[in-house]
Amino acid sequence: GQQVMQIPQYQHVQEGEDFTTYCNSSTTLSNIQWYKQRPGGHPVFLIQLVKSGEVKKQKRLTFQFGEAKKNSSLHITATQTTDVGTYFCAGQGGTYKYIFGTGTRLKVLA
Amino acid sequence: DGGITQSPKYLFRKEGQNVTLSCEQNLNHDAMYWYRQDPGQGLRLIYYSQIVNDFQKGDIAEGYSVSREKKESFPLTVTSAQKNPTAFYLCASRRGEEQYFGPGTRLTVT
């Protein structure tokens, strides 16, 4: 079946350093979403990408969707302690059915 | 105050017992989802419902059952047939592209 993998599984950075997580699907996706889950919390929707090669920015966060619509990335510039959490990608695997990636847990050291 | 509520936050059961997890939303969303989250595995889809009185199996439906008799409610029953029920269970509803998650129920079966 369809799988969505994320790397790395864990990332520790010093505050102020950049961070990137990568998401790869075994099949072509119609769109991809990104969520953030704070420790002890629930996932919160960040953004959705739909078009091949699409790039979207939210302040220090940059999201990209690959040309083949099989991969995506989230880049955070100059991390802050508030960025701590687990970042998930989710690809649409069928009508209204989403396949979540394994997540990247980010720790930011002050 | 609109949102999704899940109760209880923590639930403990003995092996062999069925248990029902509650999920209620007052967002007037048609679509609702149940996910299971285990460490290092991201979110896995158990069941989803696009409309009242209709639901579909997700990727890991075995040992679970749901009902959708009301738009606001989508309870999940974890049956004794579920071989490894201890996990964090998340309910979500969807409007357009965005899924809104509840706070989750952490189920421990011993």
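Our subject in this report is the structure included herewith. (Residues numbered from 1 in each chain as written. Chains lettered and ligands numbered in written order. Predicted model: local features only at pLDDT ≥ 70, side-chain atom pairs only at ≥ 80, totals over all residues. Heavy atoms only, no water.)

### What to know about the state of the cysteines
With the rule as written, the count across this model stands at 2 disulfides over all chains. The disulfide partner of C23(A) is C89(A), and the gap between their sulfur atoms is 2.0 Å. Here the disulfide of C23(A) and C89(A) is right-handed, its torsion about the S-S bond being about 75°. In this pair, C23(A) sits in strand β3 (residues 19–25) while C89(A) sits in strand β9 (residues 85–94), placing the two residues 66 residues apart along the sequence. Pair check on accessibility: C23(A) and C89(A) agree, each one buried. One disulfide in the model links C23(B) with C91(B); its S-S distance is 1.8 Å. Between C23(B) and C91(B), the S-S torsion sits near -70°, and that sign places the bridge as left-handed. Linking C23(B) in strand β3 (residues 19–25) with C91(B) in strand β9 (residues 87–95), this pair joins segments that are 68 residues apart in sequence. (Disulfide = S-S within 2.5 Å. Helix = DSSP H or I, 4+ residues; strand = E, 2+ residues; numbered from the N terminus. Buried < 20%, exposed > 50% of the residue type's maximum accessible area, 1.4 Å probe, protein only.)

### Concerning the pattern of salt bridges
Residue and element names in this part refer to chain B. Counted under the stated rule, the structure contains 6 salt bridges over all chains. Here K71 ties to D30 by a salt bridge, and the two come within 3.4 Å at their closest N and O atoms. Here K71, found in the loop between β7 (64–66) and β8 (76–78), pairs with D30, found in the loop between β3 and β4 (31–37); they are 41 residues apart in sequence, far enough to count as distant. Since its relative accessible area comes to 42%, D30 is described here as partly exposed. The structure contains a network of salt bridges with shared partners spanning R36, D38 and R44. (Salt bridge = Lys/Arg side-chain N within 4 Å of Asp/Glu carboxyl O.)

### Comments concerning the side chain of Q6(B)
Residues and elements named next belong to chain B. As for its position among the elements, Q6 is in strand β1 (residues 4–7). On the basis of relative accessibility, which here comes to 8%, the residue Q6 falls in the buried class. At 3.1 Å, the side chain of Q6 forms a polar contact with the backbone oxygen of Y89. A distance of 3.0 Å separates a polar side-chain atom of Q6 from the backbone nitrogen of C91. Once you skip the residues sitting within four places of it in the chain, Q6 turns out to touch S22, W34, Y89, L90, C91, G102, P103, G104 and T105. (Polar contact = N/O pair within 3.5 Å; in protein donor to acceptor, adjacent residues only side chain to side chain. Contact = heavy atoms within 4.5 Å.)

### Overview of the nonpolar core
In terms of nonpolar packing, the biggest core is built from 20 residues, with W34(A) and F63(A) touching the most fellow members. Those elements giving two or more residues to this core turn out to be β3, β4 (32–37), β5 (43–49), β7 (61–65), β8 (71–76), β9 and β11 (104–109) of chain A. One finds L21(B), I46(B), V66(B) and L107(B) within the second-largest nonpolar core, a separate group that totals 19 residues. (Core = buried A, V, L, I, M, F, W, Y, C linked by side-chain atoms within 4.5 Å.)

### What about the interface of chain A and chain B?
Of the residues lining the interface, 18 residues belong to chain A; the matching set on chain B comes to 20 residues. In this assembly, chain A packs against chain B so that about 1600 Å² is buried in total across both faces, 54% of it on carbon and sulfur atoms. For the pair chain A and chain B, the number of links is 1 salt bridge. As a salt-bridge pair, D59(B) and K97(A) come within 3.1 Å of each other at their nearest N and O atoms. Here chain A and chain B share 5 residue pairs in polar contact (both at pLDDT 80 or more) between them. Sorting the residues of the side of chain A that touches chain B by element identifies β4, β5 and β10 (97–100) of chain A as the ones contributing at least two each. Among the elements that take part in the side of chain A that touches chain B, β10(A) stands out by supplying 4 residues, more than any other. Taken together, the residues of the side of chain A that touches chain B sort by class into 8 nonpolar, 9 polar and 1 charged. (Buried area = accessible area lost by both parts, 1.4 Å probe. Nonpolar A, V, L, I, M, F, W, Y, C, P; charged D, E, K, R; others polar.)

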